[in-house]
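# Observations on chain architecture
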Amino acid sequence: MSSTAVRTRGRFRGGAGLGLVAWLAGIVFFLPIAWMALTSFHSETDAATNPPSWGAPLTLDGYREFFGADGGASPWPALINSTVASVTSTLLVLVLALPAAYALSIRPVKRWTDVLFFFLSTKMLPVVAGLLPIYLFAKNAGMLDNIWLLVILYTSMNLPIAAWMMQSFLSEIPVAVIEAAQIDGARLPTVLARVVAPIALPGIAATALICFIFSWNELLFARVLTGVVAETAPVFLTGFITSQGLFLAKVCAASLVISLPVLAAGFAAQDKLVQGLSLGAVK
């Protein structure tokens, strides 16, 4: 057998092995979600059995209880609050991060690497360390249980990582394209909206998706700073966990419903997410 055939067979085996490992990893990550989905269709008694009763009858009681069919609280206000806080903060982050990334990549400022390090350093502080000052500020400002307080917090929390991510995406844009637009008389807002944004769309989509996920899943600030009016979906979910009684099926149903917006956004933007996160990885 020739050396070329041996190398080809070795590459095929290596590729098949990596593919098998990828499939196994995907199954391992998918199993908890599948288990949660199956448990959500069981009764509370069947869901609490140990080991799990895989062949138990299916029912929609968990979803009925989550949506308040039995006289419980409706989840719609919490879902609407999460949507408003996540979508609005993500849009604000993109509007603010795009010019910042432009200044750090295409028109770099002095010591721009120090600026990027400062952005990352803001994520090193434990969130709980800033909880008390923020609570006192919100209390004195009369903004407790206010959804717009969460919008401001989520925007400030996601802006550093968004600027850092978009800087790496925008640095791949050819400067000649921007200079050509400027020669034609385009000003900075036009350059950002009509030249930079379309080229960096995969990176912007990846950044937006990550910021949306971070905002939608945030629990600590929402738990402490909100009450009834601005309650978000994760806070509403914690209300199903009690010290007495069975609640596993209802919690699984609520978790699945609350996870659907994130899963839908990820599925819709999966091609842009892969392009954005791999942008610049291959020269």
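Refer to the structure presented above.
As a starting point, this report considers the structure included with it. (Residues numbered from 1 in each chain as written. Predicted model: local features only at pLDDT ≥ 70, side-chain atom pairs only at ≥ 80, totals over all residues. Heavy atoms only, no water.)

## Here's the deal with the overall build of the chain
Scanning the chain from terminus to terminus reveals 14 helices and 0 strands. In the chain, the order of α-helices and β-strands from amino to carboxyl end is α-α-α-α-α-α-α-α-α-α-α-α-α-α. In the chain, which comprises 283 residues, the proportion classed as buried is 35%. For the chain, long-range pairs separated by at least 24 residues make up 74% of all intrachain contacts whose partners lie at least 6 apart in sequence. Just so you have it, the chain exposes about 16,500 Å², and 70% of that area is on carbon and sulfur atoms. (Helix = DSSP H or I, 4+ residues; strand = E, 2+ residues; numbered from the N terminus. Buried < 20%, exposed > 50% of the residue type's maximum accessible area, 1.4 Å probe, protein only. Contact = heavy atoms within 4.5 Å. Areas by Shrake-Rupley, 256 points an atom, 1.4 Å probe, with all protein chains shown as cover.)

## Describing a nonpolar patch on the surface
Together, L20, W23, L24, I27 and L31 make up a nonpolar patch on the protein surface, roughly 570 Å² of accessible area in all. Here L20 shows up in helix 1 (residues 3–40). (Patch = residues over 30% accessible without salt bridge, like charges linked within 9 Å, V, L, I, M, F, W, Y side chains within 5 Å. Salt bridge = Lys/Arg side-chain N within 4 Å of Asp/Glu carboxyl O.)

## Overview of the environment of V191
Note that V191 resides in helix 9 (residues 188–199). Accessibility expressed as a relative area gives 0% for V191, which makes it buried. For the pair formed by V191 and A181, sequence separation is 10 residues and the distance between their alpha carbons is 6.8 Å. Those residues in contact with V191, other than ones at most four positions away along the chain, are Y102, I178, A181, Q182, A186 and V196.

## So, the pattern of salt bridges
Within the structure shown, the criterion is met by 2 salt bridges. Here D61 and R64 are joined by a salt bridge, their closest N and O atoms 2.8 Å apart. Of this pair, D61 and R64 both sit in helix 3 (residues 61–66), separated by 3 residues, roughly a single helical turn. Among the residues examined, D61 registers a relative accessible area of 36% and is labelled partly exposed.

## Some remarks on unusual backbone geometry
Excluding glycine, most residues fall at negative phi; most peptide bonds, likewise, are trans. Non-glycine residue D145 carries a positive phi angle of around 60°. Counting through the fold element by element, D145 comes out in the loop between helix 6 (131–140) and helix 7 (147–170). The exposure class of D145 is partly exposed, given its relative accessible area of 23%.

## Considering the nonpolar core
If you look at the biggest cluster of nonpolar residues, it comprises 29 residues, and the most contacted ones within it are Y102, L170, I178 and V196. With near-sequence residues (within four places) excluded, L170 lies in contact with L98, A101, Y102, S105, I106, V196 and A200. Judged by nonpolar contacts, the second largest core, of 18 residues, contains W216, F236, L256 and I258. (Core = buried A, V, L, I, M, F, W, Y, C linked by side-chain atoms within 4.5 Å.)

## Observations regarding the packing of helix 4 (residues 76–105) against helix 9
Helix 9 packs onto helix 4 with a crossing angle of 95° between their chain directions and a minimal axis gap of 11 Å. Relative to helix 9, the element helix 4 lies roughly perpendicular. On the side of helix 4, the interface is formed by L98, P99 and Y102, while helix 9 contributes L188, V191, L192 and V196. Tallied by class, residues from the contact of helix 4 with helix 9 come to 7 nonpolar, no polar and no charged. (Axes fitted to C-alpha atoms, helices over the stretch in contact; angles between N-to-C directions. Parallel < 35°, antiparallel > 145°, perpendicular 65-115°, else oblique. Nonpolar A, V, L, I, M, F, W, Y, C, P; charged D, E, K, R; others polar.)

## Re the environment of W35
Here W35 lies in helix 1. When the C-alpha positions of W35 and C252 are compared, they lie 9.1 Å apart, and in sequence the two are 217 residues distant.

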